[in-house]
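Structure assessment
As a plain string of letters, each chain reads:
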Amino acid sequence: MPFALLLLVAGVSTPNPGSAGQEGLLSKADPICGILRVTRHPVNMAVALWAAVHLLARGDLASALFFGALFLLGALGPLHLDHKRQAASVPGWEAFVAGTSVLPLGAVLAGRNRIVPGEIGWRRVAIALALYVVLIAVHPLVFGVRP
């Protein structure tokens, strides 16, 4: 869960050419920075990872339907978003896709990119970890289940 929270925090606080209305960022000299080196869809991957972890932890039908639907949204949503950008022939999109990956660390492991911790920033890491601690503390009170 800490990694999912880092993807979420960094994803919502990093300008992303893959997000709605931000295609103009592709004209930057290097639009791939920070968490985008890890995945071009960090928020979607955060949702997918969060849902997958909760699917593994829960065994009831209601949880399977809820977390399963969120997992599919997080995992398959990026494919739809990528297809839309490709179909619209957004200038610079092909280069952005070539240097990134949908799966976290895919482009790094394939040698098409590298992690630059300073671009992600310790502040985002600290916020994600603090959020994790808070969620662990309030989880039994809010959701009635001890993680």
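Located above this text is the structure these notes cover.
Before going into details, it helps to say that this report is about the structure given with it.

How each quantity is defined
- Residues numbered from 1 in each chain as written.
- Predicted model: local features only at pLDDT ≥ 70, side-chain atom pairs only at ≥ 80, totals over all residues.
- Heavy atoms only, no water.
- Core = buried A, V, L, I, M, F, W, Y, C linked by side-chain atoms within 4.5 Å.
- Buried < 20%, exposed > 50% of the residue type's maximum accessible area, 1.4 Å probe, protein only.
- Helix = DSSP H or I, 4+ residues; strand = E, 2+ residues; numbered from the N terminus.
- Contact = heavy atoms within 4.5 Å.
- 1 Å grid on protein atoms, 1.4 Å probe; cavity = no way out; pocket = protein on both sides within 12 Å on 5 of 7 lines; lining within 4 Å.
- Points joined across faces, edges and corners; volume = space filled by probe spheres on them.
- Nonpolar A, V, L, I, M, F, W, Y, C, P; charged D, E, K, R; others polar.
- Axes fitted to C-alpha atoms, helices over the stretch in contact; angles between N-to-C directions.
- Parallel < 35°, antiparallel > 145°, perpendicular 65-115°, else oblique.
- Left-handed = near helix turned anticlockwise from the far one by under 90°.
- Polar contact = N/O pair within 3.5 Å; in protein donor to acceptor, adjacent residues only side chain to side chain.

Focus on the nonpolar core
Soluble, globular proteins show a tendency: their nonpolar side chains are buried together. With 12 residues, the main nonpolar core is built from Leu5, Leu6, Leu7, Val9, Ala10, Ile35, Val38, Met45, Ala46, Val102, Ile120 and Ala128. If you list the elements that add at least two residues to this core, you get α1 (2-13) and α2 (42-57). Considering each element in turn, this core owes the most residues, 5 residues, to α1. Sequence-distant contacts of Leu7, that is, excluding residues within four places in its chain, are made with Ile35, Val38, Thr39, Pro42, Val43, Met45 and Ala46. Leu26, Ile32, Leu36 and Trp93 belong to the second largest nonpolar core, which has 6 residues in total.

A look at empty space enclosed by the protein
Tallying each qualifying case throughout the model produces 1 cavity of 30 Å³ or more. The calculated volume of the largest cavity comes to roughly 30 Å³. Taken together, Pro15, Pro17, Leu25, Lys28, Pro31 and Cys33 make up the full set of residues lining the largest cavity. Among the residues making up the lining of the largest cavity, the classes are represented as 5 nonpolar, no polar and 1 charged.

Thoughts on the packing of α1 against helix α7 (residues 122-143)
Interaxial distance between α1 and α7 falls to 8 Å at its minimum, and their mutual angle equals 130 degrees. The angle between α1 and α7 places the two elements in the oblique class. Crossing angle aside, the handedness with which α1 passes α7 is right-handed. Between α1, through Pro2, Leu5, Leu6, Val9, Ala10 and Ser13, and α7, the contact on the second element is made entirely by Arg124, Val125, Ile127, Ala128, Leu129, Leu131, Tyr132 and Leu135.

A closer look at the environment of Thr14
Positionally, Thr14 belongs in the loop between α1 and α2. In this structure the side chain of Thr14 is engaged in a polar contact, spanning 2.7 Å, whose partner is the backbone oxygen of Ala10.

A word on the layout of surface pockets
If you add up the space inside the largest pocket, you get close to 590 Å³. In this structure, the largest pocket is lined by 22 residues; those nearest its centre are Met1, Trp50, His54, His139 and Phe143. Top contributing element to the lining of the largest pocket by residue count: α2, with 6 residues. Among the residues making up the lining of the largest pocket, the classes are represented as 17 nonpolar, 3 polar and 2 charged. In this structure, the second largest pocket occupies an estimated 180 Å³ of space. Taken together, 15 residues line the second largest pocket, and the ones lying closest to its centre are Asn16, Gly18, Ser19, Val43 and Asn44. At the level of secondary structure, the elements contributing two or more residues to the lining of the second largest pocket comprise α1 and α2. No other element matches the 3 residues that α2 contributes to the lining of the second largest pocket. Split by residue class, the lining of the second largest pocket holds 6 nonpolar, 8 polar and 1 charged.

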